Amino acid sequence: MRWQSIFFDLDNTLYSHELAFEKSIIYTFQQRYRTDKKLQHIDEKEWFSTFKHYCDELWKEMEKDILTYSQYRMKRFIETMNHYNVEMNEKESGAFSRSVRKRSI
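Residues numbered from 1 in each chain as written. Predicted model: local features only at pLDDT ≥ 70, side-chain atom pairs only at ≥ 80, totals over all residues. Heavy atoms only, no water.

## Topic: the overall build of the protein
Stage number 1. If you tally the helices and strands in the protein, you get four helices and zero strands.
Stage number 2. Listed N to C, the secondary structure of the protein is α-α-α-α in terms of helices and strands.
Stage number 3. C-alpha atoms of the protein, sized along the principal axes, occupy 50 × 35 × 25 Å.
Stage number 4. Burial status across the protein gives 34% buried among its 105 residues.
Stage number 5. About 7800 Å² of surface is accessible on the protein, with carbon and sulfur atoms providing 51% of the total. (Helix = DSSP H or I, 4+ residues; strand = E, 2+ residues; numbered from the N terminus. Buried < 20%, exposed > 50% of the residue type's maximum accessible area, 1.4 Å probe, protein only. Areas by Shrake-Rupley, 256 points an atom, 1.4 Å probe, with all protein chains shown as cover.)

## Overview of the pattern of salt bridges
Stage number 1. Considering all chains together, one arrives at seven salt bridges under this definition.
Stage number 2. A salt bridge links Glu44 to Arg34, with the nearest nitrogen and oxygen atoms 2.9 Å apart. Pair noted here: Glu44 is in helix α2 (residues 44–63) and Arg34 is in the loop between α1 (17–33) and α2, with a separation of 10 residues, a long-range link.
Stage number 3. A salt bridge links Glu57 to Lys60; the shortest N-O distance between them is 3.4 Å. (Salt bridge = Lys/Arg side-chain N within 4 Å of Asp/Glu carboxyl O.)

## Digging into a nonpolar patch on the surface
Stage number 1. A cluster of nonpolar side chains, Trp3, Ile6, Phe8 and Leu10, forms an exposed patch at the surface whose accessible area comes to about 630 Å².
Stage number 2. Counting through the fold element by element, Trp3 comes out in the segment before α1. (Patch = residues over 30% accessible without salt bridge, like charges linked within 9 Å, V, L, I, M, F, W, Y side chains within 5 Å.)

## Section: the nonpolar core
Stage number 1. Ranked by internal contacts, the top residues of the largest apolar core, which has 24 residues, are Trp47, Phe51, Phe77 and Phe96.
Stage number 2. Put simply, the parts of the chain that give this core at least two residues each are α1, α2, α3 (69–83) and α4 (90–104).
Stage number 3. Counting residues per element, this core draws most heavily on α2, which supplies seven residues.
Stage number 4. Not counting the four nearest positions on each side in its chain, Phe77 is found in contact with Tyr33, Trp47, Phe51, Met88, Glu92, Ser93 and Phe96. (Core = buried A, V, L, I, M, F, W, Y, C linked by side-chain atoms within 4.5 Å. Contact = heavy atoms within 4.5 Å.)

## As for the environment of Asp65
Stage number 1. Structurally, the position occupied by Asp65 is in the loop between α2 and α3.
Stage number 2. Once the C-alpha coordinates of Asp65 and Thr13 are considered, the two residues, 52 residues apart in sequence, prove to be 31 Å apart.

## Comments concerning the packing of aromatic side chains
Stage number 1. Per the stated rule, a full pass over the model turns up 13 aromatic pairs.
Stage number 2. The structure contains a cluster of three or more aromatic residues connected by ring pairs, namely Phe21, Phe29, Tyr33, Trp47, Phe48, Phe51, Phe77 and Phe96. (Phe/Tyr/Trp six-rings, centres within 6.5 Å; stacked < 30°, edge-to-face > 60°.)

## Points about the packing of α2 against α3
Stage number 1. Orientation of α2 relative to α3, taken along the N-to-C sense of each, is 140°, at an axis distance of 9 Å. As far as their axial angle goes, α3 and α2 are oblique. Relative to α3, α2 is oriented so that their crossing is right-handed. Along the contact surface, α2 presents Trp47, Thr50, Phe51, Tyr54, Cys55, Leu58, Trp59, Glu61 and Met62, while α3 presents Tyr69, Tyr72, Lys75, Arg76, Phe77, Glu79, Thr80, Met81 and His83.
Stage number 2. Considering only residue class, the contact of α2 with α3 consists of 11 nonpolar, three polar and four charged. (Axes fitted to C-alpha atoms, helices over the stretch in contact; angles between N-to-C directions. Parallel < 35°, antiparallel > 145°, perpendicular 65-115°, else oblique. Left-handed = near helix turned anticlockwise from the far one by under 90°. Nonpolar A, V, L, I, M, F, W, Y, C, P; charged D, E, K, R; others polar.)

Shown next, in the form of structure tokens:
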């Protein structure tokens, strides 16, 4: 197959990476936790907003080499769940991250 065109989207006008990220995270949260009685009261949009907050805060630590990318992915999920008084371990955090990556591909 020969390519007809190549598009560059430097400013997210053709494809919103943020919206795709949000949808992927919320979908994964719904699929993995919607039936969990400890989490049924949490609104997905609110949960994502909290998750995004930790993404942004912890990104700064990763940029300073305080966290590795793997630690960053793990910690943003665990901190979000802690915010809602739900304990999660590293294993579950890893499973959540893998589910998101599968959804994003």
